[in-house]
Amino acid sequence: MTEQNNSLVQIRDLYKRFSISGDLLDQLQFKGGKLIRHQEYVHAINGVSLDVMPGEALCVVGESGCGKSTVARTVMGLLTPTAGQIFYRGERIDNLSDKQMLPYRKKMQMIFQNPYASLNPRMTIMETLREPIRFHNRAMSSGEIRDKIAEVMLAVGVDPSWGERYSHEFSGGQRQRISIARALAVDPEFIVADEPISALDVSIQAQVLNLMMDAQKERNLTYLFITHDLAVVEHFGTRVAVMYLGTLCELAPTKQLFSSPRHPYTQALMSAIPRLEDDRPDYIKLTGEVPTPVNLPSGCVFHGRCPHVNERCKREIPALTLLQDGTQVACHGVEENRL
Amino acid sequence: MPLLEVNNLEVCFGLRSGAVKALRDVSFTLERGERLGVVGESGAGKSVLGFSIINLLSRPGHISAGNVNFEGKDLASLAPEELRSIRGNRISMIFQDPMMTLNPVLTIGVQMVECLQAHRQISTSDAKRIALKRLQQVQIPSAEKRLDQYPHELSGGMRQRIVIAIGLLLDPDIIIADEPTTALDVTIQAEIMDLMLNLCEQNNVALILITHDLGVVSQVTQRMLVMYAGRIIEQGPTKEIINDAQHPYTQGLMNALPQMAIPGQKLNQIKGTMPPLQNIPTGCSFNPRCEYVMDICTKKLPPFTQSGNCLVACHMVADSQHGPQQEKLRSEEV
């Protein structure tokens, strides 16, 4: 992969695993008369490298458990990576202390999936929005803060006179607007949105997506957009990264990915989207289920369900290779020109 | 006679703040072997409709008017014992979250045998044989082993297959599936929908599919109902509605789908949100959000108008069908 120094966020060879074997006492086991320590891990991310370019909306898609949310959280510094590096405008940020991280937090904000859980029920909307502004702009007077709150509330289409209300008084769509307002309040450059519309109804999803696109245009934002909904990606994304079991299978500009998906998993995923078409199209049937990330399969993580599997796929982990048309794909079949 | 006939069904939830009508004047029919989709946003009453068909409403919810005729019997007024012989036996239900449906402390086999023995006089070994056959029908690998497993040992897709197998155990006439694939991933969803479609076709089972996903409805069902704020606003053949929706709300729902917009351009959105059920506007309940709203829409409830093979509750559609004469009549009424 070529070094792109003009990218806003660089993720390099990221690994994240979570221990699931509890504390030390839980890990101790008797085996053959000996006391041994047995540890098990969930391998959530296994060597992901991504570049987020300024001004783009990079979408990360995949099924549940593929590690897309873990990527989002690790980039934001909410989780520490097990291995790998994260750069923001060329500066390494994954090993910074909380204090050193502070200036970056102002530039990077996050929108969460469930607006019912991400807004504090005991704070009024005004308080919710005031907190980040005051925290990141110590020099601001309360008058300026009030103006700023009114500005972001207007920007997301929530009446500023509702500031004294609590979050339970709003509908799901309005709450998600408020969480977007909270993210915008500190004038960030980069927003990580983790399934921001999945909890909303179709007609409300469109409203929130439009709002996010408007904000992107007006404020020149860069998005890392995590979703499982491919229809949304097709509409919203500049580029798409497809993940499976903690690895990146394919990375391509949106149009290209939708017109000619290369990785067998991407192809299956695309064909499975229910579309408004008269006749049921033939979809690529995948056999079996997604393996658990506790015991990762050897070789290509997709080999157990892949219709084009061969011996090499079972042994060797495919590397992400750049094709002529600009698609990056990790598949032996594509590399060997048999797909 | 249709297999199931729902007439003017009204469901009421008596709350301290007053009665809330979750369903109003809902009427539709279901033929044997037919696949019917029910779509709408959350709070539109689609799940309540599913529950009220087999009277699974729990207090304070109750059917306050109308009836549900299943082979000539009114399920709404049936005694609990009689209803129990129909529930699970003739009409079975599949819920959204398989982990909530399956009992976590019983093995799959025990749960399936229990269901069979509750409705039929049958030995445990015979029941097991039927259970095994059903598990194989829903394409569960190593089905025999699964009978002795607990729900937590299986993946989400596998659990939903088992719930479907249990739903089919007693050869029901109708399956009511309430968002059966919402908790599942797309690739698994496609498999499960395919499976349900095939099983319903093979066994001539009627399906009521409740979902918010228009894509799924368009691929699985033959007819569909669109619900808004407790009422059916449009019903007819799925193909006709998908290709040429008449009601402004249905049109809005379709147009709001990302695949309907040009990539990078704004999505077509419906302004506002669905009103809370305590506070439904007079006239057409969609009128505050409708872009074609007319004077009459805020005053009078729109009747169903036949348009093609569809029934649409919209004044605009009524006017375009019956012309200005009807318009004149109506303005006199108002």
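Keep in mind that this is a model prediction, so the values were computed, not measured.

Chemist: Now, about the overall build of chain A: what can you tell me, with residues and values included?
Modeler: Scanning chain A from terminus to terminus reveals 13 helices and 14 strands. Against the compact-globule benchmark of 20 Å for 339 residues, chain A has a radius of gyration of 22 Å, which places it among compact chains. Seen through its C-alpha atoms, chain A measures out along the principal axes to roughly 65 × 65 × 40 Å. A total of 339 residues make up chain A; the buried ones form 44% of that total. Residue pairs at least 24 apart in sequence account for 66% of intrachain contacts in chain A once pairs closer than 6 positions are excluded.

Chemist: I'd like to hear about the overall build of chain B, residue by residue, with values.
Modeler: Looking only at helices and strands, chain B features 12 helices and 12 strands. Compactness check: chain B gives a C-alpha radius of gyration of 21 Å against a globular reference of 20 Å for 334 residues, within 12% of the reference. In terms of overall dimensions, chain B has C-alpha extents of about 70 × 50 × 40 Å along its principal axes. Relative to its 334 residues, chain B shows a buried fraction of 45%.

Chemist: Tell me about the nonpolar core, and name the residues and values.
Modeler: In terms of nonpolar packing, the biggest core is built from 184 residues, with Ala181 of chain A together with Leu207 and Ile208 of chain B touching the most fellow members. If you count residues domain by domain, this core takes at least three from each of domain 1 (101-169) and domain 2 (244-333) of chain B. With near-sequence residues (within four places) excluded, Ile208 of chain B lies in contact with Leu30, Leu36, Val38, Gly50, Ile174, Ile176 and Ala177 of chain B.

Chemist: Break down the packing of helix H4 (residues 108-119) of chain B against helix H5 (residues 124-137) of chain B for me, with residues and values.
Modeler: Residue and element names in this part refer to chain B. Look at H4 against H5: their axes get within 9 Å of each other, and the N-to-C directions meet at 110°. Taken together, the axis directions place H4 and H5 in an arrangement best described as roughly perpendicular. Crossing angle aside, the handedness with which H4 passes H5 is right-handed. Listed contacts from H5 to Gly109, Met112, Val113, Leu116 and Gln117 of H4 are Thr124, Ala127, Lys128, Ile130 and Ala131. Split by residue class, the contact of H4 with H5 holds six nonpolar, three polar and one charged.

Chemist: Before we move on, could you go through the packing of helix H5 (residues 125-136) of chain A against helix H6 (residues 142-155) of chain A and cite the residues and values that matter?
Modeler: In helix packing, the relevant descriptors are the interaxial angle and the interaxial distance, both defined with respect to the helix axes. Residue and element names in this part refer to chain A. The contact between H5 and H6 brings their axes to 10 Å, and the two run at 120°. Classified by chirality, the crossing of H6 by H5 is right-handed. Across the interface between the two elements, Met126, Leu129, Arg130, Ile133 and Arg134 of H5 pack against Ile145, Lys148, Ile149 and Val152 of H6. Grouping the amino acids of the contact of H5 with H6 by side-chain chemistry returns six nonpolar, no polar and three charged.

Chemist: Now, about the sheet that holds strand S4 (residues 41-52) of chain A: what can you tell me, with residues and values included?
Modeler: Residue and element names in this part refer to chain A. On the basis of which strands lie adjacent, the open sheet formed by four strands has the order S4-S1-S6-S7 and antiparallel pairing. At either end of the open sheet lies a strand with only one pairing partner, and these are S4 and strand S7 (91-92). Strand direction decides the pairing type here: strand S6 (residues 83-88) and S7, joined by two bridges, are antiparallel. Paired with Phe87 across the bridge in S7 is Arg92. Relative to the sheet, helix H2 (residues 68-75) contacts strand S1 (9-19), S4 and S6, its axis offset from that of S1 by approximately 115°.

Chemist: Tell me about the sheet that holds strand S7 (residues 174-178) of chain B, and name the residues and values.
Modeler: All names here are of chain B. Pairing in this open sheet of eight strands is mixed, and the strands run S6-S7-S8-S3-S9-S10-S12-S11 from one edge to the other. The sheet is open, and its two edges are formed by strand S6 (91-94) and strand S11 (304-307), each paired on a single side. Here the strands of the sheet are splayed against their neighbours by 20° on average, with no regard to which way each runs. Bridge count for S11 against strand S12 (residues 310-313) is four bridges, and the pairing is antiparallel. Its bridge partner lying in S12, Gln306 is registered against Leu311.

Chemist: How would you summarise the environment of Phe190 of chain A if you had to cite specific residues and measurements?
Modeler: Residue and element names in this part refer to chain A. Examined against the element boundaries, Phe190 turns out to sit in strand S9 (residues 190-194). It is 13 Å that separates the C-alpha atoms of Phe190 and Arg73, two residues lying 117 residues apart in sequence. Once you skip the residues sitting within four places of it in the chain, Phe190 turns out to touch Leu8, Val9, Lys107, Met108 and Thr222.

Chemist: How would you explain the interface of chain B and chain A if you had to name every residue and give the values?
Modeler: Taken residue by residue, the interface counts 34 residues in chain B and 33 residues in chain A. Among the elements of the structure, helix H7 (156-168), helix H8 (186-203), helix H9 (214-220), helix H10 (238-243) and helix H11 (248-255) of chain B are those that each provide at least two residues to the side of chain B that touches chain A.

Chemist: For the UniProt feature "domain: ABC transporter" (unreviewed entry) in chain B, give the residues involved together with the corresponding values.
Modeler: Mapped onto this numbering, the UniProt entry annotates "domain: ABC transporter" (unreviewed entry) at residues 4-254 of chain B. Taken as a whole, residues 4-254 of chain B contains 40% helix and 28% strand, while its terminal C-alpha atoms sit 28 Å from one another.

Chemist: Pulling in residues and values, what's your account of the pairing of S1 of chain A?
Modeler: Residues and elements named next belong to chain A. Pairing of S1 with S4, which is carried by nine bridges, proceeds in the antiparallel orientation. If you follow Phe18 over to S4, its bridge partner there is Val42. Note: S1 against S6, five bridges, orientation antiparallel. Residue Arg12 lies in a different strand from S6, and its bridge partner there is Gln85.

Chemist: Give me the domain arrangement of chain B: which residues, what numbers.
Modeler: With domains assigned, chain B is organised as domain 1 (101-169) and domain 2 (244-333). Relative to domain 2 of chain B, the C-alpha centre of domain 1 of chain B lies at a distance of 45 Å.

Chemist: Give me the lowdown on the UniProt feature "domain: ABC transporter" (unreviewed entry) in chain A, citing residues and values where you can.
Modeler: In the UniProt entry, the feature "domain: ABC transporter" (unreviewed entry) is given for residues 9-270 of chain A. Helix and strand shares over residues 9-270 of chain A are 39% and 27% respectively, and the end C-alpha atoms of the span are 27 Å apart.

Chemist: Report on H11 of chain B, specifying residues and quantitative values.
Modeler: In terms of burial, H11 of chain B is a largely internal element, six of the eight residues being buried. Within the sequence span of H11 of chain B, burial applies to Pro248, Tyr249, Thr250, Gly252, Leu253 and Met254 of chain B. Of the surrounding elements, those touching the buried residues of H11 of chain B are helix H8 (202-219) of chain A together with H9, strand S9 (223-228), strand S10 (231-237) and H10 of chain B.

Chemist: So what about H5 of chain A? Which residues, and what values?
Modeler: Structural remark: α-helix, 3.6 residues per turn; residues separated by three or four positions point the same way. Residue and element names in this part refer to chain A. The first and last C-alpha atoms of H5 sit 18 Å apart over 12 residues, in line with the 16 Å expected at 1.5 Å per residue. Turning to H5, its buried residues number three or more, namely Ile125, Thr128, Leu129 and Arg130. Packed against the buried residues of H5 are H6 and helix H7 (172-184).

Chemist: Give me the environment of Ile192 of chain B: which residues, what numbers.
Modeler: All names here are of chain B. The residue Ile192 is located in helix H8 in this model. Spatially, the C-alpha atom of Ile192 lies 31 Å from that of Ile262, the residues being 70 residues apart in sequence. Apart from the residues within four sequence positions on either side, Ile192 is in contact with Gly157, Gln160, Arg161, Pro180, Thr181 and Leu184.

Chemist: Describe the pairing of S10 of chain B, with residues and values.
Modeler: All names here are of chain B. For S10, a buried count of six out of seven residues is recorded, marking the element as mostly surrounded by other parts of the structure. Bridge count for S9 against S10 is six bridges, and the pairing is antiparallel. Paired with Arg223 across the bridge in S10 is Pro237. Sheet topology places S10 next to S12; two bridges connect them, and they run antiparallel. Within the sheet, the bridge partner assigned to Gln235 lies in S12 and is Leu311.

Chemist: Give a detailed account of the environment of Thr221 of chain B, specifying residues and quantitative values.
Modeler: Residue and element names in this part refer to chain B. As for its position among the elements, Thr221 is in the loop between H9 and S9. For the pair Thr221 and Thr238, spaced 17 residues apart in the sequence, the C-alpha separation amounts to 6.6 Å. The residues contacting Thr221, other than those within four sequence positions of it, are Arg35, Leu36, Gly37, Leu209 and Thr238.

The rules behind the values
Residues numbered from 1 in each chain as written. Chains lettered and ligands numbered in written order. Predicted model: local features only at pLDDT ≥ 70, side-chain atom pairs only at ≥ 80, totals over all residues. Helix = DSSP H or I, 4+ residues; strand = E, 2+ residues; numbered from the N terminus. Rg over C-alpha atoms; globule rule 2.2 N^0.38 Å. Buried ≥ 20, exposed ≤ 12 C-beta atoms within 10 Å, placed from the backbone. Contact = placed C-beta atoms within 7 Å. Core = buried A, V, L, I, M, F, W, Y, C linked by C-beta atoms within 7 Å. Domains from an automatic or database assignment. Axes fitted to C-alpha atoms, helices over the stretch in contact; angles between N-to-C directions. Parallel < 35°, antiparallel > 145°, perpendicular 65-115°, else oblique. Left-handed = near helix turned anticlockwise from the far one by under 90°. Nonpolar A, V, L, I, M, F, W, Y, C, P; charged D, E, K, R; others polar. Pairing = 2+ DSSP bridges. UniProt positions renumbered as here; feature names shortened; annotations may be inferred. Expected span 1.5 Å × (residues − 1).

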